[in-house]
Amino acid sequence: MTDFHVVAHEDDWQLFENTDIHQTLAKGRPTLFIFTTAGDAGLDIDFWHAREEGAKESVRVLLGLGREERFHNMTVTGSSSHSIAVWSYGNTTSYFLRLPDGNWGGLGFPAYRNQSTKKLHKGHIKTISAVDKSTTYQGWQDIILTLNDIIHRSCTEFNHLYAPDYDRVLNPGDHSDHSETGDAVNAILELSPIFDVTWFVGEDVVNRPKNLDQNQYALKRRVFMAYNDKVQTLSGHCTICEAPLTYEAYLNRAYSRTQMRSSTS
Ligand SMILES: [Zn+2]
C-alpha cells in the first residue's frame, strides 16, 4: 500500500487532511507528497524555501528525528523533461514542482509574471515556469503527464491518492491552486483509474461544524505547528498569526469523500 498526497501548498495536507493520514505515516507506510506550487505568495526564495523546510519538518515530527534523508534533483517526463527537487526521509518522498503561487483567484503575482496553473489550464498562458527557473511546462497536459509519471514510478499493488476536491460545488470557494491541483489529479484518474482516492475540502471547512476530537486536533496542531515554527525561524513569517481563528478552525475540522476505484476497475 502506498499513499500519494498531491497538494498545492506546503501546509495543505497538515491543515486540511484527516489525521488518519498522520497515523499511517507515523507507522511507516510508504508515502509520497507532491507539492505543485512553491506557495511563494509573490515573495522570493527566502519565503518559499522556508515553506518547503516547514513541510519537511512536519514529516520529521511525525516519523521521529534521525531518519536517513536525501535531497536531490530528479528528471521526470511529461510532454517534456523536467528537473524536480526531491527530498526523501524514512519511507516518505516529497516532490517540489515549485510552480508559481496563483494567488487566491488565480491572477498570480507580478514577481512571477502573474503566471498561475489556473491560467495555464484555461489556456490564457501557453507555458508556466517554476519559480526557481529550473524548468518550464509546455501547457496543462505537460503538468498532468509529469504528475502521472511521478505517481506511476512509485505505484504498488494498492495505491491511495489524496487531493483537494476538484468539485467546485462540494468544495466551494477554495484557493485556485487547490482546485487546479484537484483538476490535475482528476485528469490522472481518467488516464489510469486504478487508484482509490480521497478528495478533501479546503477553505470551506470553516463554514462547517467542528468534527475532530481533542486527540485528532492535538495531533493535527502538533504537525502543523512544526511547519509553522520552522517557517517562522527561517523567514520570520508566522503563518498562524495571519488569522489565528481561521487556522484554529482548519485544525478542528476535516471533511472529505472517498472513492474506492481500484475495487471496481
Ligand atoms: Zn493551500
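Refer to the structure above for everything that follows.
This structure is a prediction, so every number in the text was calculated from the model and none was measured.

## So, the overall build of the protein chain
A count of helices and strands for the protein chain gives 8 helices and 10 strands. The C-alpha radius of gyration computed for the protein chain amounts to 17 Å, which stays within 12% of the reference 18 Å derived for 265 residues, consistent with globular compactness. Principal axes of the C-alpha set define a box for the protein chain whose edges measure 45 × 45 × 40 Å. Burial analysis of the protein chain (265 residues in total) assigns 48% to the buried set. When contacts within the protein chain are restricted to residue pairs at least 6 apart in sequence, those whose partners lie at least 24 apart make up 73%.

## Quick look at helix α3 (residues 45-63)
If you check α3, its first and last C-alpha atoms are 27 Å apart, about what 19 residues at 1.5 Å a residue would give, namely 27 Å. Turning to α3, the residues buried within the fold contact α1 (12-16), α2 (19-26), β2 (31-37), β4 (81-89), β5 (92-99) and α7 (214-235). Trailing α3 by a residue or two, glycine 64 shows a phi angle of about 95 degrees, which is positive.

## Points about unusual backbone geometry
Its identity is not glycine, yet arginine 98 carries a phi of approximately 60 degrees, on the positive side. Within the fold, arginine 98 resides in strand β5. We note that asparagine 114 has phi near 55 degrees; this positive angle belongs to a residue other than glycine. Relative to the helices and strands, asparagine 114 is located in the loop between β5 and α4 (117-122).

## Some words on the packing of helix α5 (residues 140-153) against helix α6 (residues 176-191)
At a closest axis distance of 9 Å, the pairing of α5 and α6 adopts a crossing angle of 65 degrees. The angle between the axes of α5 and α6 places the two elements in the roughly perpendicular class. Seen along the crossing, α5 lies across α6 with a hand that is right-handed. Residues Ile143, Ile144, Leu147, Asn148 and Ile151 of α5 pack against Ala184, Ala187, Ile188 and Leu191 of α6. Considered class by class, the residues forming the contact of α5 with α6 number 8 nonpolar, 1 polar and no charged.

## Looking at the sheet that holds strand β10 (residues 256-259)
The strand order across the open sheet built from 8 strands is β3-β4-β5-β2-β1-β8-β9-β10, with neighbouring strands paired in mixed fashion. Edge positions in the open sheet fall to β3 (69-77) and β10, since each of these has one partner strand only. Taken over all neighbouring pairs, the strand axes of this sheet differ in orientation by 20 degrees on average, direction set aside. Bridge count for strand β8 (residues 159-164) against strand β9 (residues 196-200) is 5 bridges, and the pairing is parallel.

## Thoughts on the environment of valine 201
Within the secondary structure, valine 201 is located in the loop between β9 and α7. For valine 201, a count of 23 C-beta atoms within 10 Å gives the class buried. Sequence separation of valine 201 and threonine 156 is 45 residues, and the distance between their C-alpha atoms is 26 Å.

## Focus on the nonpolar core
Core analysis: the biggest nonpolar cluster contains 61 residues, and Ile34 and Leu147 have the highest contact counts within it. Ranked by residue count, the leading element in this core is α5, at 7 residues. Beyond its immediate chain neighbours, meaning those up to four positions away, leucine 147 contacts Val6, Ile34, Ala184 and Ile188.

## Digging into the packing of α3 against α7
Where α3 meets α7, the axes come as close as 7 Å, and the angle between the chain directions of the two elements is 145 degrees. The chirality of how α3 crosses α7 is right-handed. Only Arg222, Val223, Ala226, Tyr227, Asn228, Lys230, Val231, Leu234 and Ser235 of α7 make contact with α3, whose side of the interface consists of Asp46, Phe47, Ala50, Arg51, Glu53, Gly54, Ala55, Glu57, Ser58, Val61 and Leu62.

What counts and what doesn't
Residues numbered from 1 in each chain as written. Predicted model: local features only at pLDDT ≥ 70, side-chain atom pairs only at ≥ 80, totals over all residues. Helix = DSSP H or I, 4+ residues; strand = E, 2+ residues; numbered from the N terminus. Rg over C-alpha atoms; globule rule 2.2 N^0.38 Å. Buried ≥ 20, exposed ≤ 12 C-beta atoms within 10 Å, placed from the backbone. Contact = placed C-beta atoms within 7 Å. Expected span 1.5 Å × (residues − 1). Axes fitted to C-alpha atoms, helices over the stretch in contact; angles between N-to-C directions. Parallel < 35°, antiparallel > 145°, perpendicular 65-115°, else oblique. Left-handed = near helix turned anticlockwise from the far one by under 90°. Nonpolar A, V, L, I, M, F, W, Y, C, P; charged D, E, K, R; others polar. Pairing = 2+ DSSP bridges. Core = buried A, V, L, I, M, F, W, Y, C linked by C-beta atoms within 7 Å.

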